[in-house]
Amino acid sequence: MTPTVDDPQAYGLTRVGGRPPLLQYLRGVAQRKDFIVSLALFRIEAENQRQRLGMLWIVLKPILNAAVFGLVFGILMASTKTVPDFVSFLVIGVFMFEFFSSTMGAGAKAITSNQALVQSLAFPRMALPISIVIQKFAQLLPTVLLMMIFLMIMGHAPTVNWLLIVPLVGLYYLFCQGVAFITARLTVHLPDLTNLLPFITRFFFYTTGIFFSFDLRFEDSPQLLEIVQYQPIYAFLSLSRELLLDSDPLYDVRMQFWPIIACWSVGVFLVGTVYFWAAEERYGRVN
């Protein structure tokens, strides 16, 4: 049967900006891995060129944050229930939380801040939030190394549990990538959300035990402690501290955190992937 002009798909033609099936779409994303990595490296280089200290800010920013919060909450507003090894506790919390907050904020602008690119070139839009999370992940790795060096200076000898930071960071990447997918689409539909994200990030910062211990603060409320362990950011930060500070008997590793963060990471990633893909046709119409 001879195809007609009313059946363009018979000629291998597809509608501009159309949404292909999910598996075909993901294959298209994988085929553009070089473009995604190059875009992430370009952003890192561009940031370094705009700042005199360049790459140093990657580690200076969390260090300064830890110093400020350590002064405010560790000294000026010290509670009667002090956190054991508060400096190490705070540094791990600030360094690890920075990756989540930066990926959520930058990921939310993945589409809206690249309107010219989105409207002029045909490519899977998912490449944009992926490149952003790769960029932030590449900046996270040296901070994790610096964090470990700092802990050794503070007297914490490396143990075999330190090796478990590798799968933990891998799951953390998966979780943050899913969050970036979700926020990238939401800000296309709700542009005002970009103004709310700093408050959402701040809410997570002050409610996930960055500078205080839930176990000490709410030791008289075991039911609350049971519930809060299912909060993903709290679970990631707590397990990070327990793995890195396990030489201190006060920080026993709670293995129940592993299935919690694994379920959150895989679940948020899969939901975020499908949720972002479902609006692929919408992204080319960003005004």
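### Comments concerning the pattern of salt bridges
A full pass over the atoms with the stated rule returns 2 salt bridges. Of the charged contacts, one joins Arg254 and Asp215 as a salt bridge, the two residues approaching to 3.4 Å between their closest N and O atoms. With Arg254 in the loop between α11 (232–244) and α12 (257–277) and Asp215 in helix α9 (residues 214–217), this pair connects stretches of sequence that are 39 residues apart. For Asp215, a relative accessible area of 31% corresponds to the partly exposed category. A salt bridge links Glu242 to Arg254; the shortest N-O distance between them is 2.6 Å. With Glu242 in helix α11 and Arg254 in the loop between α11 and α12, the pair connects residues that are 12 residues apart, well separated along the chain. Under the relative-accessibility criterion, Arg254 is labelled partly exposed at 22%. Several salt bridges share partner residues, and in doing so they unite Asp215, Glu242 and Arg254 into one network.

### Things to note about the side chain of Thr208
Mapping Thr208 onto the fold places it in the loop between α8 (193–207) and α9. We classify Thr208 as buried; its relative accessible area is 0%. A polar side-chain atom of Thr208 sits 2.6 Å from the main-chain carbonyl oxygen of Phe204. Setting aside its immediate chain neighbours within four residues, Thr208 contacts Phe97, Phe214, Gln231, Ile233, Tyr234 and Leu237.

### Observations concerning the packing of aromatic side chains
Under the definition given, this model contains 17 aromatic pairs. Aromatic rings pair up to connect Phe97, Phe99, Phe100, Phe137, Tyr172, Tyr173, Phe175, Phe203, Phe204, Phe205, Tyr206 and Phe236 into one cluster. Its guanidinium or amino end placed over the ring of Phe123, Arg125 lies 4.8 Å from that ring's centre, counting from NZ or CZ. The ring of Tyr275 has Arg185 sitting right over it, with the charged end atom 4.1 Å from the ring centre.

### Some details on the environment of Tyr275
The topology assignment puts Tyr275 in helix α12. As for Tyr275 and Arg185, which are separated by 90 residues in sequence, their C-alpha atoms are 7.8 Å apart. For Tyr275, the residues in contact, after removing those within four places along its chain, are Ile182, Arg185, Leu186 and Tyr283.

### Overview of the packing of helix α4 (residues 86–108) against helix α7 (residues 165–189)
At their nearest, the axes of α4 and α7 sit 7 Å apart, and the two run at 30 degrees to each other. With respect to α7, the axis of α4 lies roughly parallel. For the pair α4 and α7, the sense of crossing is right-handed. Along its contact with α4, which presents Met96, Phe97, Phe99, Phe100, Thr103, Met104, Gly107 and Ala108, the element α7 presents Tyr172, Tyr173, Phe175, Cys176, Val179, Ala180, Thr183, Ala184 and Thr187. Across the contact of α4 with α7, the residue classes tally to 13 nonpolar, 4 polar and no charged.

The rules behind each value
- Numbering of residues starts from 1 in every chain and runs along the sequence as written.
- With pLDDT at 70 or above as the cut-off, local features in this predicted model cover only qualifying residues; side-chain atom pairs require 80 or more to be listed or tallied, and sums for whole chains, interfaces and linings still use all residues.
- Working from all heavy atoms in the structure, the side-chain values ignore hydrogens and water.
- Whenever Lys or Arg places a side-chain nitrogen within 4 Å of a carboxyl oxygen from Asp or Glu, that contact is recorded as a salt bridge.
- A run of DSSP states H or I qualifies as a helix once it reaches four residues; a run of E qualifies as a strand once it reaches two. Both are numbered from the N-terminal end.
- Relative accessible area decides the class of each residue, using a 1.4 Å probe on protein chains only: under 20% of the type maximum gives buried, over 50% gives exposed, and in between gives partly exposed.
- Two N or O atoms form a polar contact when they lie within 3.5 Å of each other; inside protein one atom must be a possible hydrogen donor and the other a possible acceptor, and for residues adjacent in sequence the pair counts only when both atoms belong to side chains.
- Any two residues having at least one pair of non-hydrogen atoms within 4.5 Å are treated as being in contact.
- Note on ring pairs: Phe, Tyr and Trp rings are taken, using the six-membered ring of Trp, and paired if centres are within 6.5 Å. Classes follow the plane angle, with under 30 degrees stacked, over 60 edge-to-face and the rest tilted.
- Whether a charge sits over a ring depends on NZ of Lys or CZ of Arg being within 6 Å of the ring centre and within 35 degrees of the ring normal.
- Note on method: axes are straight lines fitted to C-alpha atoms, helices fitted across the in-contact stretch only, with angles between N-to-C directions ranging 0 to 180 degrees.
- Orientation is classified from the angle alone, with under 35 degrees giving roughly parallel, over 145 giving roughly antiparallel, 65 to 115 giving roughly perpendicular, and any other angle giving oblique.
- Less than a right angle of anticlockwise turn of the near helix away from the far helix marks a crossing as left-handed, whereas a clockwise turn marks it as right-handed.
- Residues are grouped as follows: Ala, Val, Leu, Ile, Met, Phe, Trp, Tyr, Cys and Pro are nonpolar; Asp, Glu, Lys and Arg are charged; every other residue, Gly included, is polar.

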